[in-house]
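Residue-level listing of the chains:
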Amino acid sequence: MERIYNFSAGPAMLPQEVLEQARDELLDWHGCGMSVMEMTHRGKDFSAIIAQAEADLRELLNIPANYKVLFLQGGATMQFAQVPLNLLAGRSADYLVTGAWSKKAFKEARKVGSARLVATTEASNFTRLPDKTEISLDPDAAYLHVCTNETVHGVEMHDVTTLGASVPLVADMSSHILSRPVDVGQYGLIYGGAQKNVGQAGLTLVIVREDLLGRAPANLPTMLDYAVQAEHGSMLNTPPTYSIYIAGLVFQWLKGRGGLAAMERINIAKAKLLYQAIDASGLYHNPVDPACRSRMNVPFTLNNPELDDIFVAEAKKQNIVSIKGHKMVGGMRASIYNAMPLEGVQALADFMQDFERRHG
Ligand SMILES: *Cc1c(COP(=O)(O)O)cnc(C)c1O
């Protein structure tokens, strides 16, 4: 069996050790004679799995005690609606639009209630972050929503304190959660779908400060109410048990590798290698302001788009797959989450150099 280098933006690569452990435990989890897939979520075995997953996530992110961790479903896209449904409480929220995902979040919030655009960088094709002078915050907003890593446009917010938000900060961290340490205390709520950097699809993480719970209107459907989900330990109904189990294995894997500070060092090295390969070339181009380039999603174009298909086909022969860019941006995109080893990024950089020599 040969594993390939999968640069997909999501669902994305998982650590091989995690897949191997899942395989080894597939038919018989810890001697209980059944698979995690077959277990009741109310039994002591699954209770131990979800409790350990939460404890490990809390340890990795150093989550303060006054935050709840929720294991939900519906993806980050559900959070685009669920956040305003729970937190607006008849007020308006501020939205910063820095790429495709925060734009979607803003649009969805406006369906649910009142949302105000505080700044957008769309006129610059989402290749930079706005500076503080461009942003006008509402001091009475219910919250300020940001996407701290724009997966399509490859724009990452490296420091949210520069926003100067006085209201709770809500962050879509789908594509860079667990890639670096985060000061959870700077946020009112953090959310993310699992299929990028946490585990497999079907699970959505929500980390929410307790004082933000209980603001939902009485007519909010029970399933959507954070406070009710928190009260029931994310088990109001059947949770995505196997996805939680896989996320738990990933948390263990991250702890074994030295935690998020260690992951950050590797991720910085990986990103540096790839951006240097792009910047040093005459064929490849990344349009994002270097101050906010993403360490996780690296879009780049070829100066001759006719080479795109050839690039993809030749890359595949080198075991480099899912490298084609999002249609909104074009060109290529390399997603280099935690599970992508440095050797994978090196293989891509080497291939890019070789391709340029032959076609550039
Ligand atoms: C992938 C992604 C989403 C959408 O996630 P789903 O889980 O498919 O709903 C939202 N925001 C960001 C930043 C993403 O990368």
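No experiment lies behind these values; they were computed from the predicted model shown. (Residues numbered from 1 in each chain as written. Predicted model: local features only at pLDDT ≥ 70, side-chain atom pairs only at ≥ 80, totals over all residues. Heavy atoms only, no water.)

I tried to follow the sheet that holds strand 11 (residues 284-285) on my own but got confused; where do I start?
Read from one edge of the open sheet, 3 strands run 11-12-14, paired in antiparallel fashion. Of all strands in the sheet, those bounded by a partner on one side alone are strand 11 and strand 14 (332-335). As defined by bridge partners, strand 11 adjoins strand 12 (residues 297-302) across 2 bridges and the pair is classed as antiparallel. Residue pairing in the sheet places H285 in a bridge with T301 of strand 12. (Pairing = 2+ DSSP bridges. Helix = DSSP H or I, 4+ residues; strand = E, 2+ residues; numbered from the N terminus.)

When you look at the nonpolar core in this model, what are you seeing that I'm missing?
A general trend in soluble globular proteins is that nonpolar side chains are found buried together. If you look at the biggest cluster of nonpolar residues, it comprises 55 residues, and the most contacted ones within it are L61, L163, L178 and Y245. Per-element accounting of this core gives the leading share, 10 residues, to helix 6 (residues 241-256). Excluding residues within four positions of it along the chain, L61 makes contact with I177, L178, V182, V184, I207 and L260. Formed by 27 residues, the second largest nonpolar core is a distinct cluster that contains Y95, V97, L213 and A230. (Core = buried A, V, L, I, M, F, W, Y, C linked by side-chain atoms within 4.5 Å. Buried < 20%, exposed > 50% of the residue type's maximum accessible area, 1.4 Å probe, protein only. Contact = heavy atoms within 4.5 Å.)

Teacher, can you tell me more about the sheet that holds strand 5 (residues 144-147) here?
Two modes of strand pairing occur in sheets, parallel and antiparallel, and in both the strands are linked by backbone hydrogen bonds. The mixed open sheet is built from 7 strands, whose spatial order is 2-10-9-8-5-3-4. Among the strands making up the open sheet, the edge pair consists of strand 2 (67-72) and strand 4 (114-120). Looking at each pair of strands side by side, their axes are set apart by 20 degrees on average, direction ignored. Relative to strand 4, strand 3 (residues 92-97) is paired through 6 bridges, and the arrangement is parallel. Counted as the bridge partner of D94 is R116 from strand 4. In the packing of helix 2 (residues 44-61) onto the sheet, contacts are made with strand 2 and strand 10 (204-209), and the angle to strand 2 comes to roughly 130 degrees. (Axes fitted to C-alpha atoms, helices over the stretch in contact; angles between N-to-C directions.)

Where do I start with the packing of helix 2 against helix 6 in this structure?
A pair of packed helices is captured by two measures, namely the crossing angle of their axes and the spacing between those axes. Remark: helix 2 packs on helix 6, axes separated minimally by 9 Å, with the N-to-C direction vectors making an angle of 40 degrees. Put simply, helix 2 runs oblique to helix 6. Of the two possible hands of crossing, helix 2 and helix 6 adopt the one that is left-handed. Across the interface between the two elements, F46, I49, I50, Q52, A53, D56, L57, E59 and L60 from helix 2 touch T241, I244, Y245, G248, F251, Q252, L254 and K255 from helix 6. For the contact of helix 2 with helix 6, the class distribution of residues is 10 nonpolar, 4 polar and 3 charged. (Parallel < 35°, antiparallel > 145°, perpendicular 65-115°, else oblique. Left-handed = near helix turned anticlockwise from the far one by under 90°. Nonpolar A, V, L, I, M, F, W, Y, C, P; charged D, E, K, R; others polar.)

Help me understand the pairing of strand 14 in this model?
Burial along strand 14 is two-sided: M332 and A334 facing one way and R333 and S335 facing the other are all buried. Bridge analysis of strand 12 against strand 14 gives 4 bridges, and the strand direction is antiparallel. When the sheet's bridge partners are listed, F300 is paired in strand 14 with M332.

How should I be thinking about the layout of surface pockets in this particular structure?
Rolled over the atoms, a probe with the dimensions of a water molecule shows which regions are left empty. Size it by volume and the largest pocket reaches roughly 270 Å³. Taken together, 20 residues make up the lining of the largest pocket; nearest its centre are M13, E17, A339, M340 and P341. Residue assignment for the lining of the largest pocket shows that the elements contributing at least two residues are helix 1 (16-24), helix 7 (259-279) and helix 9 (342-359). Counting residues per element, the lining of the largest pocket draws most heavily on helix 7, which supplies 4 residues. Partitioning the lining of the largest pocket into residue classes produces 12 nonpolar, 3 polar and 5 charged. The residues that make up the lining of the largest pocket include at least three from each of domain 1 (16-256) and domain 2 (259-359). (1 Å grid on protein atoms, 1.4 Å probe; cavity = no way out; pocket = protein on both sides within 12 Å on 5 of 7 lines; lining within 4 Å. Points joined across faces, edges and corners; volume = space filled by probe spheres on them. Domains from an automatic or database assignment.)

Is there a simple way to explain the site of the ligand in this structure?
Around the ligand, a shell composed of 13 residues is seen, among which T77, T151, D172, Q195 and K196 lie nearest. In this structure, an oxygen atom belonging to the ligand sits 2.5 Å away from a side-chain N or O atom of T77. T151 is positioned such that a nitrogen or oxygen atom in its side chain is 2.4 Å from an oxygen atom of the ligand. Broken down by element, the residue count for the shell around the ligand peaks at 4 residues, all from helix 3 (residues 75-87). (Near = heavy atom within 4 Å. Polar contact = N/O pair within 3.5 Å; in protein donor to acceptor, adjacent residues only side chain to side chain.)

For this particular structure, what's the right way to read the domain arrangement of the protein?
In many reports, interface size means the accessible area that the parts give up when they come together. According to the domain assignment, the protein contains domain 1 (16-256) and domain 2 (259-359). Put simply, the middle of domain 1 and the middle of domain 2, counted by C-alpha atoms, are 27 Å apart. Each partner contributes to the interface: domain 1 provides 25 residues, whereas domain 2 provides 25 residues. Between domain 1 and domain 2 lies a buried interface of about 2100 Å² when both sides are counted; carbon and sulfur atoms form 60% of it. (Buried area = accessible area lost by both parts, 1.4 Å probe.)

Looking at this model, I keep getting lost on the packing of aromatic side chains. Mind explaining?
Centre-to-centre distance and the angle between the planes together describe a pair of aromatic rings. Following the criterion strictly, the structure yields 11 aromatic pairs and no others. Ring centres of F300 and F311 lie 6.0 Å apart, and the angle between their planes is 80 degrees; on these two criteria the pair is classed as edge-to-face. Here the residue F300 occupies a position in strand 12, and F311 occupies one in helix 8 (residues 308-317), the gap between them amounting to 11 residues. The class of F300 is buried, set by a relative accessible area of 1%. For F311, a relative accessible area of 0% translates into the label buried. Through successive ring pairs, a cluster of aromatic residues spans Y284, F300, F311, F351 and F355. (Phe/Tyr/Trp six-rings, centres within 6.5 Å; stacked < 30°, edge-to-face > 60°.)

Can you walk me through unusual backbone geometry in this structure?
The bulk of non-glycine residues show a negative phi, and the bulk of peptide bonds are trans. In this structure, the amide linkage connecting G10 to the following residue, P11, adopts the cis form with an omega of -10 degrees. Its location among the elements puts P11 in the loop between strand 1 (5-6) and helix 1. Phi is positive for L178, which is not a glycine, with a value near 75 degrees. In this structure, L178 sits in the loop between strand 8 (169-172) and strand 9 (189-193). Residue L178 is classed as buried on the basis of its relative accessible area, which comes to 0%.

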